[in-house]
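Fold and contact review
Residues per chain are reported as follows:
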Amino acid sequence: MYDFSISQNQTPAELYGDLTSAAAALTDGEPDAIANMANISALIWQYIPDLNWAGFYRVIDDELVLGPFQGKTACIRIAMGKGVCGTAASTNQVQRVADVHSFPGHITCDADSRSELVVPVCKDGQVIAVLDLDSPLPDRFSDDDETGITELIGSIANSLG
Ligand code: SME
């Protein structure tokens, strides 16, 4: 068990700075990508408020396959280009969706989800996974969240595949 004593009562830049340091400590020297994804999804779940799902889908044989996550059970396979996750993976572009009901082809895994942030995980120039964060709040994710999560994932991407 790790105790990072991260305060949620600080600016987004401070919070994501602390989370990025914690993510580096958690993955340091650990080569197993699944173990690292498990701990990173737990870290995010513990310290980022107002989430109802946080986890990874891995790219396997040109398809997204459910990886380590926190939250309710979820759909296991997503085709590239489908839904928010498949769009992030096929375009290698962050998808920040203020209202999932207005996203064409959104895949409903948890009916509570209202907004979503999906960040591609790249290693050696390839998308190897995506991190998917869902919130029950509309328009939950800000520019600061997108920047902070993107930097966190970028800093440990080599430990996730
Ligand atoms: N909503 C996602 C599917 C994954 S679940 O939210 C965990 C999508 O449309 O890609």
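Everything here concerns the structure above.
Every value quoted in this text rests on a predicted model; they were computed, and no experiment measured them.

Conventions and cut-offs
Residues numbered from 1 in each chain as written. Predicted model: local features only at pLDDT ≥ 70, side-chain atom pairs only at ≥ 80, totals over all residues. Heavy atoms only, no water. Axes fitted to C-alpha atoms, helices over the stretch in contact; angles between N-to-C directions. Helix = DSSP H or I, 4+ residues; strand = E, 2+ residues; numbered from the N terminus. Parallel < 35°, antiparallel > 145°, perpendicular 65-115°, else oblique. Left-handed = near helix turned anticlockwise from the far one by under 90°. Contact = heavy atoms within 4.5 Å. Nonpolar A, V, L, I, M, F, W, Y, C, P; charged D, E, K, R; others polar. Near = heavy atom within 4 Å. Polar contact = N/O pair within 3.5 Å; in protein donor to acceptor, adjacent residues only side chain to side chain. Areas by Shrake-Rupley, 256 points an atom, 1.4 Å probe, with all protein chains shown as cover. 1 Å grid on protein atoms, 1.4 Å probe; cavity = no way out; pocket = protein on both sides within 12 Å on 5 of 7 lines; lining within 4 Å. Sits in = over half its atoms within 2 Å of the grid points.

Re the packing of helix α1 (residues 12-27) against helix α2 (residues 33-47)
In contact at an axis separation of 10 Å, α1 and α2 are set at 155° when each is read in the N-to-C sense. The pairing of α1 with α2 is recorded here as roughly antiparallel in orientation. In this structure, α1 crosses over α2, and the sense of that crossing is right-handed. Contact with α1, carried on its side by Leu 15, Leu 19, Ala 22, Ala 23, Leu 26 and Thr 27, involves Asn 36, Asn 39, Ile 40, Leu 43 and Tyr 47 of α2 and no other residues of that element. When the residues that make up the contact of α1 with α2 are grouped by side-chain class, the tally is 8 nonpolar, 3 polar and no charged.

What to know about the site of the ligand
Taken together, 13 residues are adjacent to the ligand, and Val 84, Cys 85, Ile 107, Cys 109 and Asp 134 come closest. With respect to the ligand, the side chain of His 106 contributes an N or O atom lying 3.2 Å from a nitrogen atom. Between Asp 132 and the ligand, the recorded distance is 3.4 Å, taken from a side-chain N or O atom to an oxygen atom. Out of a free accessible area of 300 Å², the ligand has 100% covered by protein chains. Among the cavities detected, the one that contains the ligand is the largest cavity. Going through the elements one at a time, β1 (53-60), α3 (83-91) and β6 (126-135) are the ones with two or more residues in the shell around the ligand. Of all the elements, α3 adds the most residues to the shell around the ligand, at 3 residues. A breakdown of the residues in the shell around the ligand according to their chemical character gives 8 nonpolar, 2 polar and 3 charged.

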